[in-house]
Amino acid sequence: MMTREQLQQRHAEDVKQVMSTEIGRRFIWGLLTQAGVFQTTFRTDTNTTMFLEGNRNAGLALFNDVFGSCPDLYLKMAAEAEKDREANHGNTTPESDPE
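The following refers to the structure shown. (Residues numbered from 1 in each chain as written. Predicted model: local features only at pLDDT ≥ 70, side-chain atom pairs only at ≥ 80, totals over all residues. Heavy atoms only, no water.)

1. What about the overall build of the chain?
Helix and strand counts for the chain stand at 4 helices and 0 strands. Principal axes of the C-alpha set define a box for the chain whose edges measure 50 × 35 × 20 Å. Residues classed as buried in the chain amount to 23% of the 99 residues present. Counted over contacts in the chain with a minimum sequence separation of 6, partners at least 24 positions apart contribute 51%. For the chain, the accessible area works out to roughly 7200 Å², and carbon and sulfur atoms hold 56% of it. Averaging the locations of the 10 positively and 15 negatively charged side chains of the chain gives two centres separated by 4 Å. (Helix = DSSP H or I, 4+ residues; strand = E, 2+ residues; numbered from the N terminus. Buried < 20%, exposed > 50% of the residue type's maximum accessible area, 1.4 Å probe, protein only. Contact = heavy atoms within 4.5 Å. Areas by Shrake-Rupley, 256 points an atom, 1.4 Å probe, with all protein chains shown as cover. Lys, Arg positive; Asp, Glu negative; His and termini not counted. Charge placed at Lys NZ, Arg CZ, Asp CG, Glu CD.)

Here it is as structure tokens:
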């Protein structure tokens, strides 16, 4: 049976493995974006705001995992996402495609 520390270490290594590839970083960026981590959740309807905050909270947990395990790869991911956004006229995910 693994100790808590061993489980935490394994989780951190899993995150680093995903973040070690461009495909993994692009996937994680999409999840963070979809969760609303980089935008406000406030809406005039309280229930909608609460729902969006719950979604954002899950995204923040992922953000914490990534930034806590490999901050250098987070910065690389953000730079790649910005470059991708510029190359695709603001679209970085299929959901953001205006067509």
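Having seen the model, we can carry on.
2. A closer look at the packing of helix α2 (residues 22–34) against helix α4 (residues 71–87)
Where α2 meets α4, the closest approach of the two axes is 10 Å, and the angle between their N-to-C directions is 80 degrees. Here α2 lies roughly perpendicular to α4, going by the angle between them. Residues Glu22, Arg25, Ile28, Trp29 and Leu32 of α2 form the contact with α4, whose participating residues are Leu73, Tyr74, Lys76, Met77, Ala78, Glu80 and Ala81. Here the contact of α2 with α4 is built from residues that sort into 8 nonpolar, no polar and 4 charged. (Axes fitted to C-alpha atoms, helices over the stretch in contact; angles between N-to-C directions. Parallel < 35°, antiparallel > 145°, perpendicular 65-115°, else oblique. Nonpolar A, V, L, I, M, F, W, Y, C, P; charged D, E, K, R; others polar.)

3. Digging into the nonpolar core
Ranked by size, the top nonpolar core spans 13 residues in total, and within it Met19, Ile28, Val66 and Met77 carry the most contacts. Every element with two or more residues in this core is listed here: α1 (4–19), α2 and α4. When residues in this core are grouped by element, the largest group, 4 residues, is from α4. Setting aside anything within four residues of it in sequence, one finds Val66 in contact with Val15, Met19, Ile28, Pro71, Tyr74 and Met77. (Core = buried A, V, L, I, M, F, W, Y, C linked by side-chain atoms within 4.5 Å.)

4. With respect to the pattern of salt bridges
Applying the stated rule across the entire model yields 4 salt bridges. Glu82 serves as the salt-bridge partner of Arg85, at 2.7 Å between the closest nitrogen and oxygen. One end of the pair, Arg85, and the other, Glu82, are both in helix α4, 3 residues apart, so they sit about a helical turn from each other. Assessed through its relative accessible area of 35%, Arg85 is described here as partly exposed. (Salt bridge = Lys/Arg side-chain N within 4 Å of Asp/Glu carboxyl O.)

5. Digging into the packing of aromatic side chains
Scanning all chains against the criterion turns up 5 aromatic pairs. Between Phe63 and Tyr74, the aromatic rings sit 5.2 Å apart at their centres with planes inclined by 80 degrees, giving edge-to-face as the arrangement. Placement of the pair is Phe63 in helix α3 (residues 46–69) and Tyr74 in helix α4, with a sequence separation of 11 residues. When its relative accessible area of 26% is taken as the criterion, Phe63 is described as partly exposed. Among the aromatic residues, those joined into a ring-pair cluster are Trp29, Phe38, Phe63, Phe67 and Tyr74. (Phe/Tyr/Trp six-rings, centres within 6.5 Å; stacked < 30°, edge-to-face > 60°.)

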